[in-house]
Amino acid sequence: GKVLLTGGTGFIASHVLDSLLEHGFETVVTVRSEDKGKRLVDAVDPKAKHLVRFAIVGDIAQDGAFDEVMKSEPFDYVVHTASPYQLHWDDPVRDCLDPAIKGTTGILKSTKAYNPSVKRVVITSSSAAVLNPPNHRPVYDETSWCEITWEQAMDPKHTYRASKKFAEKAAWDFVSTQSPNFTLSVINNTYTFGPVQKSLAHPDQINTSNHRIRDLVLGMQRAAVASTLPPFTFVDVRDVALAHVRAMMLPEAGGERFYLVSGYYSNPRLAEIIRANFPELQKKLPPPGAEDDFPEGHWAFDTSKSRRVLGLEYIGLEKSVVDTVKSILEREDWG
Ligand code: NDP
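Residues numbered from 1 in each chain as written. Predicted model: local features only at pLDDT ≥ 70, side-chain atom pairs only at ≥ 80, totals over all residues.

Draft legend 1. Molecular detail of the site of the ligand. The environment of the ligand is made up of 25 residues, and the closest members are Gly 7, Gly 10, Ser 83, Pro 99 and Ser 209. Mapped onto the shell around the ligand, the elements with two or more residues apiece are α1 (11–22) and β8 (191–193). Top contributing element to the shell around the ligand by residue count: α1, with three residues. When the residues that make up the shell around the ligand are grouped by side-chain class, the tally is ten nonpolar, eleven polar and four charged. (Near = placed C-beta within 6 Å. Helix = DSSP H or I, 4+ residues; strand = E, 2+ residues; numbered from the N terminus. Nonpolar A, V, L, I, M, F, W, Y, C, P; charged D, E, K, R; others polar.)

Put into structure tokens, the structure is as follows:
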């Protein structure tokens, strides 16, 4: 089978690509520049390199951004991960909401218009489209939706989670109103840790959700551990990647969303795991003994659907953190 994978340079996409290649899928990844495409293909395991090509797709917020690649050859599956994920926005609409929402509707439109062989589209949404602060449910699962409004999305603190909610809603609306040639599956992964991509040129390029681990490793929290921010739950990127590939392959995953959580974490726990496993990092870590800082009455999560349908078993916090730290320390060129 042949797959189109968007946002190939990204953290999650790099692991989705590894998983696709392990399953033997020929894959075309979209990237924003020739240079990024070359770095990405260079970082692929030599044994699988013959299965990978890149195509250049510029800003996904533009109308018809995916038309050319969709006209170029038939695909069996599409995996759409590209979407901005940062903590700061100069312009919430231009920098975040437009690429998230128009990128999503854009790929669905181009697929329907030019690629009739596509059977399944998988979209990376987020737990941000599931959780509904400040009115938290006691237990979250796939039946829950974030209820944030467009007006609230103009506050840059809330823009990112709104972008994920509106993009996912737009995707479900598209399939219910446009009767496309494909079915849709959506992955709602929570805060994701795991080995950083080999194609990164500098630790500044590490994706947002790995910043906490990176900052501990680089000694940026030596004085005191930073307070933990929501969602207080994590999942390992290798489980997220496997979920995308299984959601793509399994007929029964069509029309479904999957909420992915391994367990709870806090910044003090991350620091203690690093302390216990990396003696060479002792001097960079915050003082021991900080308490977990979960909010009182923290919500629970029900991940039975992802276990039952996708067969996920979930990597635990210690392995996830240790492997993330190793992937950073391994990069001798980063000093
Ligand atoms: P990265 O920042 O590593 O990846 C983002 C990807 O999207 C990059 O390939 C980036 O390209 C691309 N992209 C961003 N904006 C545009 C744009 N305007 N036009 C074209 N491409 C664009 O983040 P992650 O891997 O963490 O995120 C990937 C997906 O997973 C996103 O949809 C994110 O919302 C979702 N997600 C992430 C979670 C996490 O904790 N990490 C949790 C839940 C969901 P370039 O490299 O060229 O900038």
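Draft legend 2. Spatial organisation of the pairing of strand β7 (residues 183–189). Of all the seven residues making up β7, six are buried; the element is thus mostly covered by neighbouring parts of the structure. Across five bridges, strand β5 (residues 120–124) lies against β7 in parallel orientation. Paired with Arg 120 across the bridge in β7 is Thr 183. (Buried ≥ 20, exposed ≤ 12 C-beta atoms within 10 Å, placed from the backbone. Pairing = 2+ DSSP bridges.)

Draft legend 3. Examining the nonpolar core more closely. With 91 residues, the main nonpolar core has Leu 5, Val 16 and Ala 243 as its most contacted residues. The element contributing the most residues to this core is helix α8 (residues 237–249), with eight residues. Not counting residues up to four positions away in its chain, the partners in contact with Val 16 are Leu 5, Val 79, Thr 81, Ala 241, His 244 and Val 245. (Core = buried A, V, L, I, M, F, W, Y, C linked by C-beta atoms within 7 Å. Contact = placed C-beta atoms within 7 Å.)

Draft legend 4. Representation of the UniProt feature "domain: NAD-dependent epimerase/dehydratase" (unreviewed entry) in the protein. Under the UniProt annotation, "domain: NAD-dependent epimerase/dehydratase" (unreviewed entry) lies at residues 3–255. In this annotation, residues 3–255 is assigned 38% helix and 16% strand; the end-to-end C-alpha distance for the span is 19 Å. (UniProt positions renumbered as here; feature names shortened; annotations may be inferred.)

Draft legend 5. Geometry of α1. The terminal C-alpha atoms of α1 lie 17 Å apart, and with twelve residues this matches the ideal 16 Å at 1.5 Å per residue to within 8%. Counting buried residues along α1, ten of its twelve residues qualify, which places the element largely inside the surrounding structure. For α1, every residue scored as buried is listed here: Phe 11, Ile 12, Ala 13, Ser 14, His 15, Val 16, Leu 17, Asp 18, Leu 20 and Leu 21. Gly 24 sits one or two positions beyond α1 and adopts a positive phi of about 85°. (Expected span 1.5 Å × (residues − 1).)

Draft legend 6. Examining the packing of helix α4 (residues 92–114) against helix α6 (residues 156–178) more closely. With their axes 9 Å apart at the nearest point, α4 and α6 run at an angle of 20° to one another. Accordingly, the angle class assigned to the pair α4 and α6 is roughly parallel. Relative to α6, α4 is oriented so that their crossing is right-handed. Across the interface between the two elements, Pro 92, Cys 96, Leu 97, Ala 100, Ile 101, Thr 104, Thr 105, Leu 108 and Lys 112 of α4 pack against Pro 156, Thr 159, Tyr 160, Ala 162, Ser 163, Lys 164, Phe 166, Ala 167, Ala 170, Ala 171, Phe 174 and Gln 178 of α6. (Axes fitted to C-alpha atoms, helices over the stretch in contact; angles between N-to-C directions. Parallel < 35°, antiparallel > 145°, perpendicular 65-115°, else oblique. Left-handed = near helix turned anticlockwise from the far one by under 90°.)

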